[in-house]
Amino acid sequence: MDTEKLFILNEETSEISYTELSENDLLCSKHHVEITRHLQEIHQLFLITKYNISCLQEKYMLMNSGDVFCNEKAADSENDFIAINAHITSIISSGKTLVDSMECYIKTNSDIEKNSKDEYLNYYHNIYDSSFAYRFLIRLRDFSQHGHLPVSSERNNYY
């Protein structure tokens, strides 16, 4: 992620004037920078997930029946099979990374009150517990991370 920059200054030519911050001001500044960095990463991960979904939808039409079409033709070639697996793997991986990053942010941000953290984590865990589709996608992501293709097909029907 492009959320950090490093500047190397030549001490001989660098004439930057600065004032030392108090310990409290320095801690506040570091905390602000860390929160901003993490929020930028979450936003970027969201955009990556959204982009991955868009790439699949731009090329393929997925039907409820499992049929898949590419430019109104059956998506039944090996290239289609590989492309659909690549898209699905990217979507479920980026989605899981996004959710993990959000949970990490909540857990590590010391400015969030405990009851607010607990409320978010309970909400998040309730979605996991109550949604078969969400649990299925997480398991499918784990399956794909172990080197398996998440999607199978027979002719034009994907499952």
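Residues numbered from 1 in each chain as written. Predicted model: local features only at pLDDT ≥ 70, side-chain atom pairs only at ≥ 80, totals over all residues. Heavy atoms only, no water.

A. Quick look at helix 1 (residues 23-59). Its 37 residues give helix 1 an end-to-end C-alpha distance of 54 Å, which sits within 8% of 54 Å, the value for a rise of 1.5 Å per residue. Among the residues of helix 1, Ile35, Arg37, His38, Glu41, Ile42, Leu45, Thr49, Asn52 and Leu56 are the ones counted as buried. Residues of helix 1 that are buried in the fold lie against strand 1 (61-62) and helix 2 (78-108). (Helix = DSSP H or I, 4+ residues; strand = E, 2+ residues; numbered from the N terminus. Expected span 1.5 Å × (residues − 1). Buried < 20%, exposed > 50% of the residue type's maximum accessible area, 1.4 Å probe, protein only. Contact = heavy atoms within 4.5 Å.)

B. How the structure looks around the packing of helix 2 against helix 3 (residues 114-130). Interhelical geometry of helix 2 versus helix 3 gives an angle of 155° and a closest axis separation of 10 Å. As summarised for this structure, helix 2 and helix 3 are arranged roughly antiparallel, according to the angle between their axes. When the axes of helix 2 and helix 3 are compared, the crossing they make is left-handed. Counted together, Val99, Met102, Glu103, Ile106 and Lys107 of helix 2 and Lys117, Tyr120, Leu121, Tyr124 and His125 of helix 3 form the full contact between these two elements. When the residues that make up the contact of helix 2 with helix 3 are grouped by side-chain class, the tally is 6 nonpolar, 1 polar and 3 charged. (Axes fitted to C-alpha atoms, helices over the stretch in contact; angles between N-to-C directions. Parallel < 35°, antiparallel > 145°, perpendicular 65-115°, else oblique. Left-handed = near helix turned anticlockwise from the far one by under 90°. Nonpolar A, V, L, I, M, F, W, Y, C, P; charged D, E, K, R; others polar.)

C. Geometry of the pattern of salt bridges. The full count for this structure, using the stated rule, is 7 salt bridges. Residue Lys96 is joined to Asp100 by a salt bridge in which the shortest nitrogen-to-oxygen separation is 2.8 Å. Note that Lys96 and Asp100 are positioned in helix 2 at a spacing of 4 residues, about one turn of the helix. We note a salt bridge from Asp142 to Arg141, for which the minimum N-O separation is 3.1 Å. Several salt bridges share partner residues, and in doing so they unite Glu34, Arg37 and Glu41 into one network. (Salt bridge = Lys/Arg side-chain N within 4 Å of Asp/Glu carboxyl O.)

D. Expanded view of helix 3. For helix 3, with 17 residues, the first-to-last C-alpha span of 24 Å sits near the 24 Å given by 1.5 Å per residue. Taken together, the buried positions of helix 3 are occupied by Lys117, Leu121 and Tyr124. Projected down its long axis, helix 3 carries its buried residues within an arc of 60°, all on one side. What points out from helix 3, more than 90 degrees from its buried face, is the exposed set Asn115, Glu119, Asn122, Tyr123, Asp129 and Ser130. For helix 3, the elements touching its buried residues are helix 2 and helix 4 (132-145). (Arc of directions from axis to C-beta.)

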